[in-house]
Amino acid sequence: MDAYLKGHIELTAFPMLDVWEREDVENQYFPEDIIHLEENEVFVDCGAYIGDTLETFLKKAGHFRKYYALEPDRRHFETLHKKVSGNIVHIPVGAWDKKDCLCFSTKNGCGEVMEGEDNGTGAIKVDKLDDLIDGPDVATFLKMDIEGAELQALHGAVEMIKRGRPKLAICMYHKREDLITIPQFIKSIVPEYKLYLRAHFAYASELVLYAIDGQGE
């Protein structure tokens, strides 16, 4: 956290250099000293993109129950669909705090929600994770890399988090206030969560907050 804040204050090119290692790139969302995958994981991937996190998960996981890949950007559907089969499900909807249809900018490679702004770039459907992932599948791992929509999506996943206390991997670098607001909100849902901050690149990006249920420890 100190390195990240210092980088924004001093505008240094590689603020995370002293707290980042090359293997952290390969282990993004799955740092071995924090994340321990178990049998029958139910993985909810918000911002599945072209299935890059899915590929890493399949290499690291053994048997798993279900993988939900949320990706609303049509530019990535074809590549993602090639990796979807069996217990891997693509949901072409964005995670949000309510059911809605929002403007969606494709100016960057990943795309991002432009709430309340009609810039003519298109629209996507969004919904609460609490409504999208329902029934017998209790989420055991929730990952979010959704270009600044993480806090809104967490508001829409309160019941999911309370119910299953899943492992969380939440990107923190899209909005500067996320460094404060996201941990505060997570702890308000499950106070027992233990939080870890990990840099996965030398730039002030790819900063991920991990939350692990510390109940009973």
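In short, a report on the structure. Small disclaimer: the values here were computed from a predicted structure and weren't measured. (Residues numbered from 1 in each chain as written. Predicted model: local features only at pLDDT ≥ 70, side-chain atom pairs only at ≥ 80, totals over all residues. Heavy atoms only, no water.)

Observations regarding the nonpolar core
Item 1. V44, C46, L129, L142, M144, I161 and I186 are the most contacted members of the largest nonpolar core, which totals 64 residues.
Item 2. Considering every element that reaches this core, the biggest residue donor is strand β11 (residues 207–213), with 6 residues. (Core = buried A, V, L, I, M, F, W, Y, C linked by side-chain atoms within 4.5 Å. Buried < 20%, exposed > 50% of the residue type's maximum accessible area, 1.4 Å probe, protein only. Helix = DSSP H or I, 4+ residues; strand = E, 2+ residues; numbered from the N terminus.)

Remarks on the layout of surface pockets
Where empty space is left in the structure can be found by rolling a water-sized probe over the atoms.
Item 1. Each pocket or cavity is described by its volume, and for the second largest pocket that value is around 300 Å³.
Item 2. Taken together, 15 residues make up the lining of the second largest pocket; nearest its centre are H36, E38, K167, I212 and D213.
Item 3. Of the residues contributing to the lining of the second largest pocket, the split by class is 4 nonpolar, 4 polar and 7 charged. (1 Å grid on protein atoms, 1.4 Å probe; cavity = no way out; pocket = protein on both sides within 12 Å on 5 of 7 lines; lining within 4 Å. Points joined across faces, edges and corners; volume = space filled by probe spheres on them. Nonpolar A, V, L, I, M, F, W, Y, C, P; charged D, E, K, R; others polar.)

Overview of the pattern of salt bridges
Item 1. For the structure on display, the rule yields 10 salt bridges.
Item 2. For the salt bridge of R65 with D137, the shortest nitrogen-to-oxygen distance reads 2.6 Å. With a gap of 72 residues between them, R65 in strand β2 (residues 64–70) and D137 in the loop between α5 (129–132) and β8 (141–144) connect regions that are remote in the sequence.
Item 3. When its relative accessible area of 6% is taken as the criterion, D137 is described as buried.
Item 4. Salt-bridge contacts for D73 lead to R75; the nearest nitrogen and oxygen are separated by 2.5 Å.
Item 5. Residue classification places D73 among the buried positions, given a relative accessible area of 3%.
Item 6. What makes R75 partly exposed here is its relative accessible area of 41%.
Item 7. Through salt bridges with shared partners, a single network forms among D24, D33 and R198. (Salt bridge = Lys/Arg side-chain N within 4 Å of Asp/Glu carboxyl O.)

As for helix α1 (residues 2–10)
Item 1. If you check which residues of α1 are buried, you get A3, Y4 and G7. For α1, the arc enclosing every buried residue in end-on projection is 100°, short of the 170-degree limit, so these residues lie on one face. Projecting away from the buried face of α1 at angles above 90 degrees are the exposed residues D2 and I9.
Item 2. Considering only its buried residues, α1 is in contact with α8 (178–189) and β11.
Item 3. Positioned one or two residues after α1, L11 has a phi angle of 55°, which is positive. (Arc of directions from axis to C-beta. Contact = heavy atoms within 4.5 Å.)

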